[in-house]
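# Fold and geometry: a report
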Amino acid sequence: MAQQGMSDDRRKSSAIRRGMSLTGSEGPSMLEKLIHNAFDVFDTAKILEVDVRDLGTMIRSLGCVMTEAELQEIQVQLEDVENNSVSQSRFVEYMTKTISEHKLKPAEPEELLQAFQLFDPENRGYIMRDDLAKALMELGEPYTQDEVD
């Protein structure tokens, strides 16, 4: 009987170290952890909210591809208009559901490689900053200088 108690204590301790809940659920999924991490990169003040202008970059950092029109729709759903911010809880909930339902699909690795090779015709393995900045500001949906910087 005493050994059973020790075994349960070890199991609980191990679960806590791994960040798992003891109520039967296993805590946040791997997807939720990735989304939290993406958010945390932009939440430098650690106040659980970020500037709404970072929303597109955060979503794209998760590998999701979207148009500016789609981004505007997402912004309308997530933005706290009083503070021009997005809360961590709303972002994680929305992105978990959106990615799980395959609403925003990631770019295929082959497509990314082809796009990279367009800017690296000499096959150097890198892209010059000025070439990339020029392309971002002139092709497709153009970025502003601030966004490029």
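Located above this text is the structure these notes cover.
Let us look at the structure shown here.

Scoring rules and cut-offs
Residues numbered from 1 in each chain as written. Predicted model: local features only at pLDDT ≥ 70, side-chain atom pairs only at ≥ 80, totals over all residues. Heavy atoms only, no water. Helix = DSSP H or I, 4+ residues; strand = E, 2+ residues; numbered from the N terminus. Expected span 1.5 Å × (residues − 1). Contact = heavy atoms within 4.5 Å. Core = buried A, V, L, I, M, F, W, Y, C linked by side-chain atoms within 4.5 Å. Buried < 20%, exposed > 50% of the residue type's maximum accessible area, 1.4 Å probe, protein only. Phe/Tyr/Trp six-rings, centres within 6.5 Å; stacked < 30°, edge-to-face > 60°. Pairing = 2+ DSSP bridges. Axes fitted to C-alpha atoms, helices over the stretch in contact; angles between N-to-C directions.

It is worth spelling out helix H2 (residues 30–42) at this point. Given a rise of 1.5 Å per residue, 13 residues ought to cover 18 Å, and the 19 Å separating the end C-alpha atoms of H2 matches this to within 8%. As for H2, its buried residues are in contact with strand E1 (49–51), helix H3 (55–61), strand E3 (85–87) and helix H5 (88–100).

Counting residues in hydrophobic clusters, the biggest one holds 19 residues, and the most contacted among them are Leu55, Ile59, Ile74, Phe91 and Met95. For Ile74, the residues in contact, after removing those within four places along its chain, are Leu55, Ile59, Met66, Tyr94 and Leu104.

Within this structure, the stated rule accounts for one aromatic pair. Judged by centre distance (5.8 Å) and plane angle (40 degrees), the ring pair of Phe39 and Phe91 falls under tilted. Here Phe39, found in helix H2, pairs with Phe91, found in helix H5; they are 52 residues apart in sequence, far enough to count as distant.

With that settled, consider the sheet that holds E3. Taken together, the three strands give an open sheet; going across it, the order is E1-E3-E2, and neighbouring strands pair in antiparallel fashion. The outermost strands of the open sheet, each flanked by one partner alone, are E1 and strand E2 (79–80). Sheet topology places E2 next to E3; two bridges connect them, and they run antiparallel. Across the sheet, residue Asp80 finds its bridge partner in E3, namely Ser85. Docked against the sheet, H5 engages E2 and E3, running at close to 70 degrees with respect to E3.

We now examine the side chain of Asp120. Among the structural elements, Asp120 can be located in the loop between helix H6 (109–119) and helix H7 (129–138). Relative accessible area serves as the criterion here: at 3%, Asp120 is assigned to the buried category.

Within the secondary structure layout, Thr98 lies in helix H5. Every residue in contact with Thr98, bar those within four places of it in the chain, is listed here: Lys103 and Leu104.

Worth remembering: the numbers are spatial, not functional.
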